[in-house]
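So the chains spell out like this:
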Amino acid sequence: MKSIKIIALAVFVLLVGISSAEAQQNQNRGKNMNRAAVETMTSEQKQLIQEQRDRIKEKRELFRASLTESQLAIFDNNDLTRQERHDALMKSLTETQKALMQEHRLSVQESKQAFRNSMTAEQRQQIRSRMQMNRETQGSGEMRETVREQRRQRMHNNGGN
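Because the structure is a prediction, the values reported are computed rather than measured.

K.L.:
How would you explain a positive patch on the surface if you had to name every residue and give the values?
P.N.:
Where like charges cluster on the molecular surface, the positive patch consists of R53, R82, R151 and R154. Summarising the element assignment, R82 is placed in helix 4 (residues 82–92). Of the residues examined, R82 reaches a relative accessible area of 71% and is grouped as exposed.

K.L.:
Requested: an account of the packing of helix 2 (residues 43–66) against helix 5 (residues 95–118), with residues and values cited.
P.N.:
Packing of helix 2 against helix 5 leaves a shortest axis separation of 10 Å and a crossing angle of 175 degrees. Between helix 2 and helix 5, the crossing angle belongs to the class labelled roughly antiparallel. Contacts between helix 2 and helix 5 involve Q45, L48, I49, Q52, R55, I56, K59, L62, F63 and S66 from the former and Q97, L100, M101, E103, H104, S107, V108, S111, K112, A114, F115 and S118 from the latter.

K.L.:
Please set out a negative patch on the surface residue by residue, giving values where relevant.
P.N.:
Judged by side-chain charge, E51, D54, E58 and E61 come together as a negatively charged surface patch. The topology assignment puts D54 in helix 2.

K.L.:
An account of the nonpolar core is needed here, citing residue identities and associated values.
P.N.:
Judged by nonpolar contacts, F63, L67, I74, L89 and L93 together constitute the single largest core of five residues. If we ignore the near neighbours within four places in the chain, the residues touching F63 are L93, Q97, L100 and M101.

K.L.:
For helix 2, give the residues involved together with the corresponding values.
P.N.:
Spanning 24 residues, helix 2 covers 35 Å between terminal C-alpha atoms, matching the ideal 34 Å at 1.5 Å per step. The complete set of buried residues in helix 2 reads Q45, I49, Q52, K59 and F63.

K.L.:
Mind laying out the confidence of the model for the protein chain, listing which residues take part and the relevant values?
P.N.:
The pLDDT averaged across the protein chain works out to 79; a share of 75% of its residues lies at or above 70. Averaged pLDDT values for the elements of the protein chain fall to 64 in helix 1 (residues 2–39) and rise to 89 in helix 4.

K.L.:
Describe the packing of helix 3 (residues 69–76) against helix 4, naming the residues involved and giving the relevant values.
P.N.:
Packing of helix 3 against helix 4 leaves a shortest axis separation of 9 Å and a crossing angle of 165 degrees. With respect to their mutual orientation, helix 3 and helix 4 come out roughly antiparallel. Pair helix 3 / helix 4 crosses with left-handed handedness. Here helix 3 contributes Q71, I74 and F75 to the contact with helix 4, which in turn contributes R85, A88, L89 and S92. In terms of residue class, the contact of helix 3 with helix 4 is made up of four nonpolar, two polar and one charged.

K.L.:
Let's hear about the pattern of salt bridges: which residues, and what values?
P.N.:
The tally for this structure, following the rule as stated, stands at three salt bridges. One salt bridge connects E103 with K59, and the closest N-O pair in it is separated by 2.7 Å. Of this pair, E103 sits in helix 5 while K59 sits in helix 2, placing them 44 residues apart in sequence. Since its relative accessible area comes to 43%, E103 is described here as partly exposed. Residue K59 is classed as buried on the basis of its relative accessible area of 16%.

K.L.:
Account for the environment of L72, naming residues and giving values.
P.N.:
Residue position: L72 is located in helix 3. A residue is classified by how much of its surface remains accessible, and L72, at 22% relative accessible area, is partly exposed. When the C-alpha atoms of L72 and L89 are compared, they prove to be 8.7 Å apart, with 17 residues separating the residues in sequence. Beyond its immediate sequence surroundings of up to four residues, L72 is in contact with R64 and L67.

Basis of the calculations
- Residues numbered from 1 in each chain as written.
- Predicted model: local features only at pLDDT ≥ 70, side-chain atom pairs only at ≥ 80, totals over all residues.
- Heavy atoms only, no water.
- Patch = residues over 30% accessible without salt bridge, like charges linked within 9 Å, V, L, I, M, F, W, Y side chains within 5 Å.
- Areas by Shrake-Rupley, 256 points an atom, 1.4 Å probe, with all protein chains shown as cover.
- Salt bridge = Lys/Arg side-chain N within 4 Å of Asp/Glu carboxyl O.
- Lys, Arg positive; Asp, Glu negative; His and termini not counted.
- Charge placed at Lys NZ, Arg CZ, Asp CG, Glu CD.
- Helix = DSSP H or I, 4+ residues; strand = E, 2+ residues; numbered from the N terminus.
- Buried < 20%, exposed > 50% of the residue type's maximum accessible area, 1.4 Å probe, protein only.
- Axes fitted to C-alpha atoms, helices over the stretch in contact; angles between N-to-C directions.
- Parallel < 35°, antiparallel > 145°, perpendicular 65-115°, else oblique.
- Contact = heavy atoms within 4.5 Å.
- Core = buried A, V, L, I, M, F, W, Y, C linked by side-chain atoms within 4.5 Å.
- Expected span 1.5 Å × (residues − 1).
- pLDDT = per-residue confidence, 0-100.
- Left-handed = near helix turned anticlockwise from the far one by under 90°.
- Nonpolar A, V, L, I, M, F, W, Y, C, P; charged D, E, K, R; others polar.

Here's what the structure looks like:
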């Protein structure tokens, strides 16, 4: 009886170790793929991305500065769910603030389109193959969690900006 418990424990530890190693490999594979994508970008593409990030930061700061005290209170209220905060904030926005948001959306869309237009056929193929590999290796729930984790990591690395 004691030997069965030891064997069962050994098998359990082995399975947990293997699944942890596989998860680590999947996570590292994604990082290496992102690194490879950045390495294949031209300097103009890197500059486009950096300019887009700077514009997004600037617009975010401008929008945040336009919020009133009551809007900031809604924005910072952790008692509400994210959706409730969003809904309440959207109802309280002025026409000027709504126009700022629309302008920001259009600016981001234009930047994305400019980047897409600058991509080579090889870069497009790399993106397609990465997406295909992600579909094959991860379920949709896992992929969403991976994306969330990458965003959290990016936010942490960028100091919350």
